There are 2 protein chains.
Amino acid sequence: MLDKTKDPVAERDFKVVGTRPVRPDGVDKVTGRARFGADISAPGMLVGKVKRSPHAHAKLVSIDTEKALALPGVKAVVTRDDFAENKKQCDVLRNIMAREKVLYDGHAVAAVAATSATVARKALKLIEVEYDVLPHVIDVDEAMKPGAPLLHDDMITKGVDPEPETASNIAQRYEFGHGDVEKGFAEADVVVERDFKTAAAHQGYIEPHACLASFTPDGQGELWCCTQGHYAIRGFCADLLGMDISKLRVTASEIGGGFGGKTTVFLEPLALALSRKTGRPVKMVMSREEVFRASGPTASTSSRVKVGATKDGKITAGEAEFRYQGGAFKGSPVQFGAMCAFACYALENVKTVGYDVVTNRPKQAAYRAPGAPMAAFAVESVIEELAVELSIDPVELRLINAAEEGDQSSFGPTFPRIGLVETLEATKAHEHFSAPLGPNQGRGIASGYWFNFGGATSVSLNIQPDGTVALAVGTPDIGGSRASMSLMAAEELGIAYEKVKAIVADTASLGYNEVSHGSRVTFASGLATIEAARNAKKILCARAAKMWEIPEEAVEWVDGHARPAGANAGDFEPMSLADIAKVAEQTGGPISGHQEHNASGAGASFATHMVDVEVDPETGRAHVVRYTAVQDAGKAIHPSYVEGQFQGGAAQGVGWALNEEYIYNDDGRLENPGFLDYRIPVCSDLPMLDTVIVEVPNPGHPYGVRGVGETGIVPPMAAIANAVSAAAGVRMTELPMSPPKLLKAINAKKANGSA
Amino acid sequence: MLDKTKDPVAERDFKVVGTRPVRPDGVDKVTGRARFGADISAPGMLVGKVKRSPHAHAKLVSIDTEKALALPGVKAVVTRDDFAENKKQCDVLRNIMAREKVLYDGHAVAAVAATSATVARKALKLIEVEYDVLPHVIDVDEAMKPGAPLLHDDMITKGVDPEPETASNIAQRYEFGHGDVEKGFAEADVVVERDFKTAAAHQGYIEPHACLASFTPDGQGELWCCTQGHYAIRGFCADLLGMDISKLRVTASEIGGGFGGKTTVFLEPLALALSRKTGRPVKMVMSREEVFRASGPTASTSSRVKVGATKDGKITAGEAEFRYQGGAFKGSPVQFGAMCAFACYALENVKTVGYDVVTNRPKQAAYRAPGAPMAAFAVESVIEELAVELSIDPVELRLINAAEEGDQSSFGPTFPRIGLVETLEATKAHEHFSAPLGPNQGRGIASGYWFNFGGATSVSLNIQPDGTVALAVGTPDIGGSRASMSLMAAEELGIAYEKVKAIVADTASLGYNEVSHGSRVTFASGLATIEAARNAKKILCARAAKMWEIPEEAVEWVDGHARPAGANAGDFEPMSLADIAKVAEQTGGPISGHQEHNASGAGASFATHMVDVEVDPETGRAHVVRYTAVQDAGKAIHPSYVEGQFQGGAAQGVGWALNEEYIYNDDGRLENPGFLDYRIPVCSDLPMLDTVIVEVPNPGHPYGVRGVGETGIVPPMAAIANAVSAAAGVRMTELPMSPPKLLKAINAKKANGSA
């Protein structure tokens, strides 16, 4: 697939990168020895629990903690009164602890620290909260209507000119695009326009939020927690507690899944506040019900997409409006949705509009490629319909319009080298593409795009006296990054993978690192690791030069050895890293390489997924029978983990497409806060998820790495919807396509057919 | 005292350095929250215990672990069979686990891991060890005699030309000096020659050795332990367990005293081996009895010193022979003793010889200025006698002969700027010097020298987004170094002390660091901290330059701000560290400064102590009634901790001088392995220990820092012996000068006097 003449990176003869060694955290994880958020304890520790609102929307009139505090074993209660107003983190503050109002079922109103979980639970019941219940709104379209219950009296929509004079639940309007869509649609031979809806889905990580906080009377804090970004958690907590950042040391535990949902604070500031108040360590662990009610799912959405094309398949215009509700506070990922919607296509005329809407639901948190999957579901469904109407193979239709290097993206920037075409070609070339389908089966195809991020990163690479390497990175390992970083360090230094041991350092030991999100870790921490290794190699060469008594520039690093560079440098036996490390103390001291940077040059990643679904017309059950995920990884550092990311995205996509949804009752209470009623895919729901790694090197990374973690969840819902629609003979436009919904559509079609 | 014209360092106007802020670990330590070696636990943890030899010297015939292993709850036993031979760490290996022979009472022969301490103790009794008891030797002079029981059949004395043909207990002979001592003694008007003995004293740290080890089946280990040097511990353990250094992560706990005694391994490799064998974490904690029997006290010594001088006090020759027994393995600190013995004096003719001797005692470990105090006790006692014989004030006699900048030291190198004369002048100027003495009181004076070390050091200084600073050092904080490092970082960056938070990083997070020993931390880690801060300042200036769009060289760092340098640089508002840190992500990423080096330029430190002792002629009890310790600190970064070091050295010196000793019975068993029978000074034994900090800047450090931790224990024994001798009217030449010994001397003198 890869045109090796185009990029020198592809020509590189990797020795370690691209192999599949066992992960260093593997044994600990399979034997139960790995320490997750709830696995650390401290002497004298208290248990913290949160009292939560049973109302979707209410004025918080009063909180009486007296009876709770009188209960033996209760050491402290914190409420809104324990947190100072914070303009910078206004919404985060109100989300972790309700202030003027409760805004969703499950919103925290108080937290207690007690000597046992039993006492803490009793104390929660003794906290008396007076609410003044208000009307609520759950659905995004309802929330946008004039006259809808208002969550924030002062919310004036941004991004509208002139600014509206009255408050609404619309926080912001976004618009992207170029060209003239009206002109484009006029040029079209076929136009398809559809409305879509998607439900809120939770990231569904195995491990609930958990932390242990310890605060000393002189204002120093320690926090151990399960997070995708301990530096970010530290920043939020320091800010909310009014303390210097350096006085709070945060250590990230092993993480039992995050997928974007562990990028902000929930319990952590409460645990710290309780520890500050009691002078004792405080441990807090969410129940699964709390995870569902009070941590962030992704946004539910509503959208309208319109695409026009000529008879020969050239898309003349694409237009879409996206309405994302992100829960009780502004910040839904609608902006990303509106940006990614048409990113796969090189369009002359394109326009997307997004509305960020608030409703009485928990504040959304990032979920894998936040915002993009819902937009892709809508757009790729329309593209499929267009292909059917035009009688063009859906892959061909996409190839005709596919974005390539040099094309202006639908959201502005011009693409550098990207790999969408290569994923489409690989899809077409795959045996799956032409495999026969059984009865009641349909095949769906969809493509997807995600930006991938770079960002602030710090890495230290320390060479040990025996020539082994300790690599300290600051991005929690959510997908095997300790192995990937070790592979890159080993590759760059020219040593064996086994000689490198990577750890995730705490916030006090290493410089600042952005969260493990945006598919940035393998790219940005990897880039920093390579740069740190290069800095170390410079020192290694300098030490060899010192020993050989030749100029530093007369030494080069080749194949894990310092060697005299050129004929005039002299005749010296090459020295290995271990040789130099052994005598480092005599030649100047320990040898380390460091890198701090704000990594730019992240490479966009495209995927094309192909799925076969069998629909049971009697029950409306859609079952995935075959799945192939094709994605451009740039360069797969550890192919097994890349494949795992592809598979994980597809698996989560299957759940989102077919079953997962937040179900609210009329009072605005979440009715299914548990894995028995909120149905994520289990083994029997999934076939083997096949993967194809395409490698179109990212020119912004020395090894060509692109992020891979998120793009894989962008195409599945559309691909599955296309397959379900083909199998059932009815176009499905709402997620999840659960049996009752699908059966209803099949029956309605039958009724129409027979009518 | 300080001649400010001589050194620009002294002229520096320090803003933060020299103040006395509260220590960052203070609250945790006084509230009991600080985590020491025994304070960490892990789920599924086992308890490890050691079976120890009851014999001073025996062949280890067999070890039968069958019955122990059959005991329910016993998970593993390790013996010599679990450790491969290790040429590099031959003695360390044999010390942590007896191999061919047991060499001292308390020598480890097996270790067990069990589900509880009770089970582990029972299991120890069930381990059957067959010994073939051999004759033993405890005293150093006895051990040197031909025909003494031999510990190592192959020990041929090194440093003797030609090498002896037969084995002995003498591991090594050292010789230092210059000139012609015979000629020197011939020129002398007075010659004093004396024999001395000192007893083995234990460092007496409050916290016994403790660790928690965890080893995974794929060969990765974690170790948490109480140590002065977690990198060194890691090296020893990795070596003894046959693993890569980077695969073992060691975290240093808070430390309840070390004084040199926690610079090597005892339990740690056993705990790791037990964890490796069981697959479970293993915790091991020594009892106080084990600390005394099996961890390192310092060497006991025997010596002869001869000094000659002219009538006007000029020393014409100094000669000494030192015999140090360092326990069952080579490596007593006699070399240091022989080097430091005459270091205070500028001598034309000087010669010292040292013998490193093995006996059936626990392998000695470093103890504060290892080797120097015993030598100083002998030499400074003789100098005092000389002063009496010459009727010259003892301070004057020392001033006449004191080493100064440019003098060749008695062990070779020429001294750079040093501060002995200043300490003598300060002593003379002190009110104590001329205060009247009461009945039965005597005043003693002694000087002392210690090299002070530099060594391998790594420091990372990470600037946080709010402009506060996280400082990661790798030298365990044994004397307040987190505060001292923070002071230096704050001074260099021009920010408040409170804005810096220092931590001791683990071995996986930071480059290599030598042990916290040799009084090196404030010097070497301080130097690295200053260099790291300077590296950070360069980046801070570069970022300001970038924002101002002027060349980097046109920006300078003054008073905590980046400022345009010079009139042509442009007119910009100075930016504080916090201003620049706030936007660091936009200007290039996180800002950190690092430094790895092998610090050279450590400054020698000299002290002069003055002590008044009252002797009870009825009981022989000597009681210290007044004490003044004067020492050159170079520059006192945190004067309170410097004073604390002076006081600590003096206090331990009082114990060593008057009471502390290892007492063996005829079978070679230690009779006093506990604080009830091994008598360290308690509050009622000590007056307020006054201190005078002299500051003669070390030219090898930008702030002038010299180490201060060790020199303070060099003069006390001599000063106290001189005081006791003056008060009792009898020259005391053996330590400890305990009541029975002193009473015997007083009575002998009376008997002589009345005879």
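Residues numbered from 1 in each chain as written. Chains lettered and ligands numbered in written order. Predicted model: local features only at pLDDT ≥ 70, side-chain atom pairs only at ≥ 80, totals over all residues. Heavy atoms only, no water.

Our next topic: the interface of chain A and chain B. Of the residues lining the interface, 58 residues belong to chain A; the matching set on chain B comes to 58 residues. Summing both sides of the interface, chain A and chain B together bury roughly 4700 Å²; the carbon and sulfur share of this comes to 48%. The largest per-residue losses of area from chain A upon contact with chain B belong to R33(A), E585(A) and P590(A), which jointly make up 14% of the total buried on that side. In this assembly, chain A and chain B are joined by 4 salt bridges. The partner of D244(A) in a salt bridge is K499(B), with the nearest N and O atoms 3.1 Å apart. Linking chain A with chain B are 31 residue pairs in polar contact (both at pLDDT 80 or more), by the criterion used here. Of all elements in the fold, only α2 (26–31), β9 (210–215), β17 (455–463), β18 (469–473), β19 (500–504), α18 (584–587) and β23 (591–599) of chain A reach the threshold of two or more residues within the side of chain A that touches chain B. (Contact = heavy atoms within 4.5 Å. Buried area = accessible area lost by both parts, 1.4 Å probe. Salt bridge = Lys/Arg side-chain N within 4 Å of Asp/Glu carboxyl O. Polar contact = N/O pair within 3.5 Å; in protein donor to acceptor, adjacent residues only side chain to side chain. Helix = DSSP H or I, 4+ residues; strand = E, 2+ residues; numbered from the N terminus.)

What follows deals with the sheet that holds strand β26 (residues 689–694) of chain A. Residue and element names in this part refer to chain A. Pairing is mixed in the open sheet, where 4 strands are placed in the order β16-β24-β25-β26. Two strands close off the open sheet at either side, each with one partner strand: β16 (441–450) and β26. Averaged over all neighbouring strand pairs, the angle between strand axes comes to 20 degrees, with direction disregarded. Where strand β24 (residues 605–616) and strand β25 (residues 621–632) come together, 10 bridges link them in antiparallel fashion. In the sheet register, T608 faces β25, and the bridge partner there is V630. (Pairing = 2+ DSSP bridges. Axes fitted to C-alpha atoms, helices over the stretch in contact; angles between N-to-C directions.)

Turning our eyes to something else, we now look at the pairing of strand β3 (residues 74–78) of chain B. Residue and element names in this part refer to chain B. Most of β3 is tucked away, with 4 of its 5 residues classed as buried. Bridging between β3 and strand β5 (residues 108–114) involves 4 bridges; their strand directions are antiparallel. Along β5, the bridge assignment pairs V77 with V112. (Buried < 20%, exposed > 50% of the residue type's maximum accessible area, 1.4 Å probe, protein only.)

Glancing now at the packing of helix α12 (residues 372–390) of chain A against helix α20 (residues 716–728) of chain A. Residues and elements named next belong to chain A. Remark: α12 packs on α20, axes separated minimally by 7 Å, with the N-to-C direction vectors making an angle of 35 degrees. For α12 against α20, the interelement crossing comes out right-handed. Residue-level contacts link P373, A376, F377, E380, S381 and E384 of α12 to M717, A718, A721 and N722 of α20. For the contact of α12 with α20, a count of residues per class yields 6 nonpolar, 2 polar and 2 charged. (Left-handed = near helix turned anticlockwise from the far one by under 90°. Nonpolar A, V, L, I, M, F, W, Y, C, P; charged D, E, K, R; others polar.)

Take the domain arrangement of chain A next. One widely used convention gives an interface's size as the accessible area the parts lose upon coming together. Residue and element names in this part refer to chain A. By the assigned domains, chain A splits into domain 1 (37–134 + 208–255 + 262–294), domain 2 (300–452 + 603–751) and domain 3 (454–599). The C-alpha centroid of domain 3 is placed 39 Å from the C-alpha centroid of domain 2. With 16 residues of domain 2 at the contact, the number on the domain 3 side is 17 residues. Considering only the side of domain 2, the residues that lose the most area to domain 3 are I637, Y641 and Y703, jointly responsible for 40% of the buried surface there. Put simply, domain 2 and domain 3 have 0 salt bridges between them. There are 5 residue pairs in polar contact (both at pLDDT 80 or more) connecting domain 2 and domain 3. A class-by-class count of the residues in the side of domain 2 that touches domain 3 yields 7 nonpolar, 8 polar and 1 charged. (Domains from an automatic or database assignment.)

Given 3.6 residues to a turn, an α-helix orients residues that are three or four positions apart in the same direction. Residues and elements named next belong to chain A. Here α12 spans 26 Å end to end across 19 residues, near enough to the 27 Å set by a 1.5 Å rise per residue. With respect to burial, α12 is a largely interior element, 17 of its 19 residues being buried. Remark: S391 follows α12 within two positions and exhibits a positive phi of approximately 55 degrees. (Expected span 1.5 Å × (residues − 1).)

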